[in-house]
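Geometric and topological summary
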Amino acid sequence: RNTEHDDPNLPRRRSFLWHSLRRPLSLASTLSTMMVLQSIALFILLAASSAFSPATMVDSQMAQKLKEASTIFQETFENTQPTCIAVAPGRVNLIGEHVDYTGGFVLPFAIDYSTVVVGTGCVKSDRGPSTIRFVSSNNPQDVATIELDLQSKPPTKVDWKTYVAGTVFQYLDDLPAGHSLDVTFCICGDVPLGSGLSSSASLEVSVARFLEEILGNNAFSKCRDEDPAKIRALRCQKAENEWAQSPCGLMDQYISSAGQEGSLLLIDFTSLDYHLTRMAPTNEPVLVVANSNVQHAIGSGEYPVRVKQCKIATEALQKINSKISSLRDATMKDVEAAKEKMDPISFLRAKHVVTENERTLKAKNALEDGDWKLVGELMNASHASMRDDYEVSCEEIDILVEIAQKHPGVYGSRLTGGGFGGCTVTLVDKSQASALIDTLKKEYKERTGKECFCFETNAAKGAHCLPVDILKEIS
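Being a predicted model, the structure only gives us computed values, none of them experimental.

All right, on to the sheet that holds strand 13 (residues 464-466) then. Taken together, six strands build an open sheet; the order of strands is 5-4-6-3-1-13 and the sheet is mixed. The strands lining the two open edges of the sheet, one partner per strand, are strand 5 (144-148) and strand 13. Shown here is a sheet whose adjacent strand axes are inclined to one another by a mean of 30°, direction ignored. Note: strand 4 (residues 130-136) against strand 5, five bridges, orientation antiparallel. Bridge pairing in strand 5 links I132 to I146.

Written out as structure tokens, the structure reads:
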């Protein structure tokens, strides 16, 4: 519409482009314009296809794992092409330690170190047992073949393959009657074993996510109204508890399953609900993880002892307050009132759990408010409680925490994970992160004779699948 005749106040001058479009174009001009537009469109399409190429979805660390897993898979299982890739991360717990199995609050996040499962499989119309063939990049010559059905029992001897078998067993009930699973895959991970970063949960959850993709619509067939991430975590925990004979809580499997990029998760282990927690963007510090290289195994030793001690403390508390069903329900006033009904050790365990829950809730709010000083104080208090009241630290971990807490720019530092070795997590000003890592490596080596592997980390994505086409692009 020519609005110039409607409103004489509009300026009559138009751009060159406007006048060009209003004039009839010659055939040559029309063809020339069309060729230019086609070239522009082709350029945009090429740029878009490059930007959204599967290879751009992963970094070099992930690409290396995928390439290794794919190569071993195809060399081990000849004439078999992978059709599925599943990924599940390890985790770091910022605060809220040894409270998940007493219904408490935890504040973990997923990390970039992860386990990948590359393979293929199908659901067969077959009343026989399900067949699982798999191999690990840690020992490609050791190829496992396991048959399972709903009557299968955990083996008496536990090894890493038991974690896989136990996870697969949890999914057999999803199968339609008269059907079985036939799966083949390779496992490759870079979560340091025994480091307290949840390598076992990462393994279980990656296998679980892989199985869900193979099962398709059959996955969670009897619990469709439930959150898949929650059910996946519960199944993986059950696999570790009953098959691997490890009395772990649910936190590790939960964060590996439900983690979201850029967020910590405040998980309530009474309701099993979780809330995303993002650090305030103002002068945001970073998190540095330091590996003591002192390994632990939570299925043995002191970990199950702590679980039993918490049960003893709960029973004592119930004698003075019948409304207490777990340590999550108790206050320090309750713990003090029940002190005479507990042995001294159980009292300390209860004290840790109750105060740790309080610290975790305060830390969640402080993170969102950007109160880094308070977050650090809560982290330091958490470590002291784990060292003195829960007694799950060790000399090497205490040294790492001490070095970090004295370093400029550090807000707080603590043991993360089950304890008895493993890693520390430190909240530090971004400008001081590199210097902190150098100091930790140097002083830890001088004081212990051990190497200290450190890395800066951010909250990563939880369990997910990748397009299988990515394997062609990274090969």
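Back to the write-up after that little detour.
Further remarks concern the side chain of D389. Locating D389 in the fold gives a position in the loop between helix 11 (372-388) and helix 12 (395-405). Not counting residues within four places of it along the chain, the set of residues in contact with D389 comprises L348, R349, K351, H352 and A384.

Take unusual backbone geometry next. In this structure, S198 is a non-glycine residue whose phi angle is positive, near 70°. The phi angle at E391 is positive, at roughly 55°, despite the residue not being glycine. The residue E391 is located in the loop between helix 11 and helix 12 in this model. Given the relative accessible area of 38%, E391 is considered partly exposed.

So, on to helix 10 (residues 344-369). Compared with an ideal rise of 1.5 Å per residue, which puts 26 residues at 38 Å, helix 10 spans 38 Å between its outermost C-alpha atoms and is within 8% of the ideal. Capping the start of helix 10 is the job of one residue whose side-chain oxygen sits 3.1 Å from the backbone nitrogen of I345: D343. Two residues or fewer past helix 10, G370 is found with a positive phi of approximately 75°.

Attention now moves to the packing of aromatic side chains. Inspection of the entire model under this criterion finds 12 aromatic pairs. Summarising the aromatic geometry, the rings of Y254 and Y274 are spaced 5.8 Å apart at their centres and angled 85° between planes, so their arrangement reads as edge-to-face. Within this pair, whereas Y254 is found in helix 7 (residues 251-258), its partner Y274 is found in strand 8 (residues 273-277), the two being separated by 20 residues in sequence. Classification of Y254 as buried rests on a relative accessible area of 0%. Given a relative accessible area of 25%, Y274 falls into the partly exposed group. Through a chain of ring-to-ring contacts, the aromatic side chains of F134, W160, F185 and F210 assemble into a single cluster. Across from the ring centre of F347, 4.7 Å away, lies the NZ or CZ of K339, which sits over that ring.

Contact geometry for helix 10 and helix 11: axes closest at 9 Å, N-to-C directions at 165°. Between helix 10 and helix 11, the angle falls in the class roughly antiparallel. Handedness of the crossing formed by helix 10 with helix 11: left-handed. Here helix 10 contributes L348, H352, T355, E356, R359, K362, A363, A366 and L367 to the contact with helix 11, which in turn contributes W372, L374, V375, L378, A381, S382, S385, M386 and D388. Of the residues that constitute the contact of helix 10 with helix 11, the class distribution is 10 nonpolar, four polar and four charged.

Here we take up the pairing of strand 4. Taking burial as the measure, the seven residues of strand 4 include six buried ones, the bulk of the element. Inspection of the sheet shows strand 4 paired to strand 6 (residues 180-189) by six bridges, in the parallel sense. Looking across to strand 6, one finds that R133 is bridged to T184.

Of all the six residues making up strand 9 (residues 286-291), six are buried; the element is thus mostly covered by neighbouring parts of the structure. Going residue by residue along strand 9, you find V286, V288 and A290 tucked away on one face and L287, V289 and N291 tucked away on the opposite face as well. Alignment of strand 9 against strand 11 (residues 423-428), held across six bridges, turns out to be antiparallel. The partner of N291 across the bridge, within strand 11, is C423. Two strands pair when backbone bridges link them, and strand 9 and strand 12 (residues 453-457) are joined in this way by five bridges, in the antiparallel orientation.

Next up on the list: the sheet that holds strand 11. Taking strand neighbours across the sheet as the criterion, the four strands line up as 10-11-9-12 in an open arrangement whose pairing is antiparallel. Lying at the two open borders of the sheet, with one neighbouring strand each, are strand 10 (410-416) and strand 12. Strand after strand, the sheet turns through a mean of 20° between neighbouring axes, direction not considered. With six bridges connecting them, strand 10 and strand 11 associate as antiparallel partners. Bridge pairing in strand 11 links V410 to V428. Contacts from helix 11 reach strand 10 and strand 11, with the element oriented near 30° to strand 10. On the sheet, helix 13 (residues 433-448) packs against strand 9, strand 10, strand 11 and strand 12 and is oriented at approximately 15° with respect to strand 9.

Following both chains from N to C, one finds helix 4 (residues 160-171) and helix 6 (residues 228-243) inclined at 130°, their axes separated by 8 Å at the closest point. Judged by the inter-axis angle, helix 4 sits oblique to helix 6. Here helix 4 runs over helix 6; the crossing is right-handed. Along its contact with helix 4, which presents T162, Y163, A165, G166, T167, F169, Q170 and Y171, the element helix 6 presents R232, R235, C236, K238, A239, E240 and W243.

Conventions and cut-offs
- Residues numbered from 1 in each chain as written.
- Predicted model: local features only at pLDDT ≥ 70, side-chain atom pairs only at ≥ 80, totals over all residues.
- Heavy atoms only, no water.
- Pairing = 2+ DSSP bridges.
- Helix = DSSP H or I, 4+ residues; strand = E, 2+ residues; numbered from the N terminus.
- Axes fitted to C-alpha atoms, helices over the stretch in contact; angles between N-to-C directions.
- Contact = heavy atoms within 4.5 Å.
- Buried < 20%, exposed > 50% of the residue type's maximum accessible area, 1.4 Å probe, protein only.
- Expected span 1.5 Å × (residues − 1).
- Polar contact = N/O pair within 3.5 Å; in protein donor to acceptor, adjacent residues only side chain to side chain.
- Phe/Tyr/Trp six-rings, centres within 6.5 Å; stacked < 30°, edge-to-face > 60°.
- Lys NZ or Arg CZ within 6 Å of the ring centre and 35° of its normal.
- Parallel < 35°, antiparallel > 145°, perpendicular 65-115°, else oblique.
- Left-handed = near helix turned anticlockwise from the far one by under 90°.
- Nonpolar A, V, L, I, M, F, W, Y, C, P; charged D, E, K, R; others polar.

So, to be careful, I would describe these as geometric facts and stop short of saying anything about function.
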